[in-house]
Amino acid sequence: MDLLATTSAVAVSSYALLSTIYKSAQALYAQPTNPSSLQTDLGQAGVVLPSVDVIVPCFNEDPNTLSECLASIASQDYAGKLRVIVVDDGSANRDLVGPVHKIYASDPRFRIILMAKNVGKRKAQIAAIRSSSGDLVLNVDSDTILAIDVVTKLVSKMQDPDVGAAMGQLIASNRNETWLTKLIDMEYWLACNEERAAQARFGAVMCCCGPCAMYRRSALALLLDQYETQFFRGKPSDFGEDRHLTILMLKAGFRTEYVPDAIAATVVPDSLGPYLRQQLRWARSTFRDTFLALRLLPELDRYLTLDVVGQNLGPLLLALSSLAALAQFVIDGSVAWWTVLTIAAMTMVRCSVAAFRARDMRFLGFSLHTPINIFLLLPLKAYALCTLSNSDWLSRKVAVQSTGEKKAVIPHATAGTSSARSGVSATVTRKSGLSHGPSGLAATESVCGRDRSSAYK
């Protein structure tokens, strides 16, 4: 019993020390800096604006959700050339999303690609990239709503030719639905404004998240073949495309950045089942690409090494201390108070700092994430590490109505913006005259890929 108590105390003390060092450095480097002189005012005379292709891969998406996403893209306040390519990756509910396709097919900026069968998000995305020609490529998930100035904000950051990719700040569009969506929204804020913000200080954001990430086409041209043919243990990698593409950008010598005022609201899981399946997929992706990222660390700032150690060794120490404390309680009923109090203290300090930085007291409620992390996420990550070769998406399946009734779709024409604290709100109006103009629908042959019954997120 002394061995279990000692193990738990040593592990939790090591966790507290490492976490204090890591989180202190992270908080220091996550502080906003003065904008670079390269972030030109894109509205001034004489500035040549790059053309932007927005890629929206979708699979079994809810038609209203997709309509809101496309409306927010159509209403972007960007003075340069903007084109949008929507790739329907063999959706089973194409009869339901068809009216949405028809609405935007009449917009000359939009092109709709209908894949003959489901080939996977990565291959659908690559098909769209190869059929486009813009200077910059913005990937947007089909359940994400962009603030009206997202393209302008990201393009401003991409004015630096050394930047290969940039991501915006993610918030949960459905954060007020359940306790879990509120928790995930806070988790997103911390991931963006602590982790990514600190990494961006050194031009090395380790994952430009898929819902809203912009890439330089010239960089993509160098990396697209590697991106398309990623394998793990002899099997094609079918998820984690955003993290892998970001790592490839860093390997090629490009900077990757975070733009906190480019706000994108995305739908997050509202119950534990879908959330845990999503976290399992993300954990597998993170482990796979962390091995690849280790080779980059000697070329990056030492903080990035601390970041990788903090994100991987920290959870391991926490899991060890919790496991030893639990074993001690099961065997003789004694409570490892040092472990319990240390974890509680670390939790309250972190939540208090987050509440102060975000100027939002709701972050004190993020303390609920600690028991979820210890009892659900840490075992899930251990399982992910043992099943790295599994490439199942595990996500929701399409809800196809069997009664013959089709869900009504409200056409959306505009989408507005708001701050990160209040979320992205959409101003919705009905679009008229949609039967005129040439059709933007295009069919394409399927590329090789494995059929799936689950959606992308």
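A quick note: this is a predicted structure, and the numbers were derived from the prediction, not measured.

What counts and what doesn't
Residues numbered from 1 in each chain as written. Predicted model: local features only at pLDDT ≥ 70, side-chain atom pairs only at ≥ 80, totals over all residues. Heavy atoms only, no water. Core = buried A, V, L, I, M, F, W, Y, C linked by side-chain atoms within 4.5 Å. Buried < 20%, exposed > 50% of the residue type's maximum accessible area, 1.4 Å probe, protein only. Helix = DSSP H or I, 4+ residues; strand = E, 2+ residues; numbered from the N terminus. Pairing = 2+ DSSP bridges.

Ranked by internal contacts, the top residues of the largest apolar core, which has 108 residues, are V52, V54, V56, L70, I73, L138 and L154. Element by element, the count of residues in this core is highest for helix α6 (residues 179–200), at 11 residues. If you look at the next biggest cluster of nonpolar residues, it comprises eight residues, including V12, L18, L318 and L378.

In this fold, T305 is placed in helix α10 (residues 302–332). Overall, T305 belongs to the partly exposed group, its relative accessible area being 32%. Between the C-alpha atom of T305 and that of L294, which follows or precedes it by 11 residues, the distance is 8.4 Å.

Let us now look at the pairing of strand β7 (residues 212–216). Among the five residues that make up β7, five are buried, leaving the element largely enclosed by the rest of the structure. On β7, burial covers both faces: C212, M214 and R216 on one face and A213 and Y215 on the other are all buried. Judged from the five bridges that link them, strand β4 (residues 136–140) and β7 form a sheet pairing that is antiparallel. Note that in β7 the partner of N139 across the bridge is A213. In terms of strand pairing, strand β6 (residues 163–172) meets β7 through three bridges, oriented antiparallel. Residue M167 lies in a different strand from β7, and its bridge partner there is A213.

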